[in-house]
Amino acid sequence: GKSGRSDLISALNDDDSKKKESKSFSRTYVKSQQEDMLNDLAAKSSTTIIGRAAAKSPHYNTPEMDPFWQLLPSLISTKFPTASDKDLERVAGMVEFSIGAGKVED
């Protein structure tokens, strides 16, 4: 009834009372800070087992390399921050196989 209507009226009136609460948790970065953070993440991720597997590509750090393989170590370390190199051995093996650097076990 009325509470839904008052929410609608508040939204139509652009009532900022709820917006102010959520803004206290947001954080903004300048572009250079974002780039620095991404570069740090990429540098750390390149030393992981996934990063080392991607580095085995014959096209590593060349324009021919698919950017996906360069992003993969950062993506995995972001999604699974507590995974150890031991936990990711099979994934690294698939990365090596997929880029043509690994051997398939029979």
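For the structure itself, look to the data block above.
The residue numbers shown here count from 1 along each chain, following its written sequence. Where totals are concerned, whole chains, interfaces and linings use all residues; where local detail is concerned, this predicted model gives features only for residues with pLDDT of at least 70, and gives and counts side-chain atom pairs only at 80 or more. Only hydrogens and water are set aside when side-chain values are computed; all heavy atoms of the structure are taken into account.

**Focus: helix H6 (residues 89-98)**
A turn of α-helix holds 3.6 residues, and therefore any two residues three or four places apart point the same way. When H6 is considered as a whole, its buried residues turn out to be Ala92, Val95 and Glu96. One side of H6 holds all its buried residues, which, seen down the axis, span an arc of 95°. For H6, the secondary structure elements touched by its buried residues are helix H4 (49-54) and helix H5 (67-79). A simple rule labels every residue: compare its accessible area, found with a 1.4 Å probe on the protein chains alone, to the largest value its type can have, and call it buried under 20%, exposed over 50%, or partly exposed in between. In DSSP terms, a helix is any run of H or I states spanning at least four residues, a strand is any run of E spanning at least two, and both are numbered starting from the N terminus. Taken from the helix axis, the directions to the C-beta atoms give the arc we talk about. Note on contacts: a residue pair qualifies if any of its non-hydrogen atoms lie within 4.5 Å across the two residues.

**Concerning the nonpolar core**
Residues Ile49, Ile50, Ala53, Met65, Trp69, Leu72, Ile76, Leu88, Ala92, Val95 and Ile99 constitute the largest nonpolar core, which totals 11 residues. Elements with a contribution of two residues or more to this core: H4, H5 and H6. Discounting chain neighbours no more than four positions away, the residues touching Leu72 are Ile50 and Val95. Residues grouped as a nonpolar core are buried Ala, Val, Leu, Ile, Met, Phe, Trp, Tyr and Cys residues, joined through side-chain atoms within 4.5 Å.

**Digging into the packing of aromatic side chains**
Pairing of aromatic rings covers Phe, Tyr and Trp, the last through its six-membered ring, and needs centres within 6.5 Å; plane angles under 30 degrees mean stacked, over 60 mean edge-to-face, and all others mean tilted. Tallied over the entire structure, the rule returns one aromatic pair. Ring geometry for Phe68 versus Trp69: centroids 4.8 Å apart, planes at 75°, classification edge-to-face. Among the residues examined, Phe68 registers a relative accessible area of 38% and is labelled partly exposed.

**A look at the environment of Ile99**
Looking at the secondary structure, you find Ile99 in the segment after H6. Once the C-alpha coordinates of Ile99 and Lys56 are considered, the two residues, 43 residues apart in sequence, prove to be 8.1 Å apart. Sequence-distant contacts of Ile99, defined by excluding residues within four places in its chain, comprise Ala53, Ala54, Lys56, Ser57, Pro58 and Trp69.

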